[in-house]
Amino acid sequence: MKKSGLARKARIGWVFVSPWIIGFLLLTLIPLLVSLYMAFHEWDMFSDPVFVGLKNFKRLLDTSTIEGQTFFAALSNTLIYTFFTAIINIVVGIAIAWAVARSSVINTIMRSVIYLPCMLIGIAFSMMMGPIFGSSDYAFVNQILHMLGLPPQEWLFTHGQGVWVMVFMSFWGIGGAMIVFIAGIKTVDSAVYDAASIDGASNFKLLTRICVPIISPVIIYQTIMSIIFGMQVFDIAVGLSSAGGTGSGFGMGIDNSLATLVFYLYNKGFRDFEMGMASAIGWLIFLLTSIVSVGLFAFVRKTGYFKVD
């Protein structure tokens, strides 16, 4: 009787988890395996796939080809964006979270105000940058340059400038990091802060000497999530390419100024109909993200700053 009751509970448990299992199989695992298969083929979605082995990967990693030059330009922009976005998320996120962590009416309002931009769709926010960083002489930044006696700039479509506009835009998502760090800060016993304050610790030392070491697992988590988000950036680049006015006809910008890995993947797959090449780009993104994340985790464990049981 007891065994039948346990078996019944087990069946009920499988019923509850089955929607997730089915969703994982249909929407994650099977597409993942299909993309791995297509990475070694040429396929335009209309004819039969043709096996080409490592040809797609070789073309992407060969700087003498157009595909390789575009790939490395997109990789450079993506790495720059990922690195500086992670720094902004961690440093600025912790500083803001520390400033508004204490419970008060003003801090509650400030948290809401800082988090509000996170509710705005990334591509919509990017298109709003047109009047600020657009190529027109009437764009806000170009008007400032005009007042300073400097020539206007094609911010979004000049190689080496578009990516920094993307980095600047990463501040719009700082509210998400702030919420994560506030949750981490509130797990620290207030008695620890009180004891340190009695010993004469300043607010800055409370943050750097006590808070940051204690919430190091949260910092590692947020760093890895920032890296994953940065390596997959897409909507910001697409929105900025649409916000550039006449320059939007250049796709990812002149000299790939707005190229990112996922933006390039999208163009190869749904503009050029080279699904095999797009799949190869996707797997390279996966490998790069995994290597960076595992490397970061291994480095942190090796330093002994954060240990996992």
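Residues numbered from 1 in each chain as written. Predicted model: local features only at pLDDT ≥ 70, side-chain atom pairs only at ≥ 80, totals over all residues. Heavy atoms only, no water.

Caption draft 1: Just the overall build of the protein chain, in detail. Counting its regular elements, the protein chain contains 15 helices and 2 strands. Once local pairs closer than 6 in sequence are excluded, the contacts in the protein chain between residues at least 24 apart make up 65%. Put simply, the protein chain shows about 17900 Å² of open surface, and 71% of that area lies on carbon and sulfur atoms. Seen as two clouds, the 18 positive and the 15 negative side-chain charges of the protein chain have centres 20 Å apart. (Helix = DSSP H or I, 4+ residues; strand = E, 2+ residues; numbered from the N terminus. Contact = heavy atoms within 4.5 Å. Areas by Shrake-Rupley, 256 points an atom, 1.4 Å probe, with all protein chains shown as cover. Lys, Arg positive; Asp, Glu negative; His and termini not counted. Charge placed at Lys NZ, Arg CZ, Asp CG, Glu CD.)

Caption draft 2: The packing of aromatic side chains, seen in detail. Following the criterion strictly, the structure yields 14 aromatic pairs and no others. Taking the centre distance of 5.1 Å and the plane angle of 90° together, the rings of Phe83 and Phe84 count as edge-to-face. Look at Phe84 and you get partly exposed, because its relative accessible area is 30%. With a centroid separation of 5.7 Å and an interplanar angle of 70°, the aromatic rings of Phe133 and Phe168 are classed as edge-to-face. (Phe/Tyr/Trp six-rings, centres within 6.5 Å; stacked < 30°, edge-to-face > 60°. Buried < 20%, exposed > 50% of the residue type's maximum accessible area, 1.4 Å probe, protein only.)

Caption draft 3: Here's a closer look at the packing of helix H10 (residues 190–198) against helix H11 (residues 203–214). Where H10 contacts H11, the axes come no closer than 11 Å and their chain directions differ by 135°. With respect to each other, H10 and H11 are oriented oblique. Every pair of crossing elements has a handedness; the one defined by H10 and H11 is right-handed. Contacts from Val192, Tyr193, Ala196 and Ser197 of H10 reach H11 at Leu206, Ile210 and Cys211. For the contact of H10 with H11, the per-class residue count stands at 6 nonpolar, 1 polar and no charged. (Axes fitted to C-alpha atoms, helices over the stretch in contact; angles between N-to-C directions. Parallel < 35°, antiparallel > 145°, perpendicular 65-115°, else oblique. Left-handed = near helix turned anticlockwise from the far one by under 90°. Nonpolar A, V, L, I, M, F, W, Y, C, P; charged D, E, K, R; others polar.)

Caption draft 4: Representation of the side chain of Thr78 in the model. Examined against the element boundaries, Thr78 turns out to sit in helix H3 (residues 66–100). Excluding residues that lie within four positions of it along the chain, Thr78 makes contacts with Gly230, Met231, Thr260 and Leu261.

Caption draft 5: Fine view of the pattern of salt bridges. One pass over the structure, following the stated rule, counts 7 salt bridges. For the salt bridge of Lys55 with Glu42, the shortest nitrogen-to-oxygen distance reads 3.2 Å. Placement of Lys55 in helix H2 (residues 55–61) and of Glu42 in strand S1 (residues 41–42) is noted, with a sequence separation of 13 residues between them. On the basis of relative accessible area, Glu42 is assigned to the partly exposed category, the value being 32%. Between Asp272 and Lys268 there is a salt bridge, with the nearest N and O atoms lying 3.7 Å from each other. Here Lys268 falls in the buried class, since its relative accessible area comes to 6%. Because the salt bridges share partners, they merge into one network encompassing Glu42, Lys55, Arg59, Glu67, Lys268, Arg271, Asp272 and Glu274. (Salt bridge = Lys/Arg side-chain N within 4 Å of Asp/Glu carboxyl O.)

Caption draft 6: Region of interest: the nonpolar core. With 63 residues, the main nonpolar core has Leu60, Met166, Phe181, Ile185, Tyr193, Ile236 and Leu240 as its most contacted residues. The element that contributes the greatest number of residues to this core is H3, accounting for 10 residues. Apart from residues lying up to four places away in sequence, Ile185 is in contact with Ala97, Trp98, Ala101, Tyr193, Cys211 and Ile215. (Core = buried A, V, L, I, M, F, W, Y, C linked by side-chain atoms within 4.5 Å.)

Caption draft 7: Focus on the environment of Ile179. Checked against the element boundaries, Ile179 lands in helix H9 (residues 174–185). The sequence separation of Ile179 and Ile114 amounts to 65 residues, and the corresponding C-alpha distance is 9.8 Å.

Coordinates in, geometry out; function isn't part of it.
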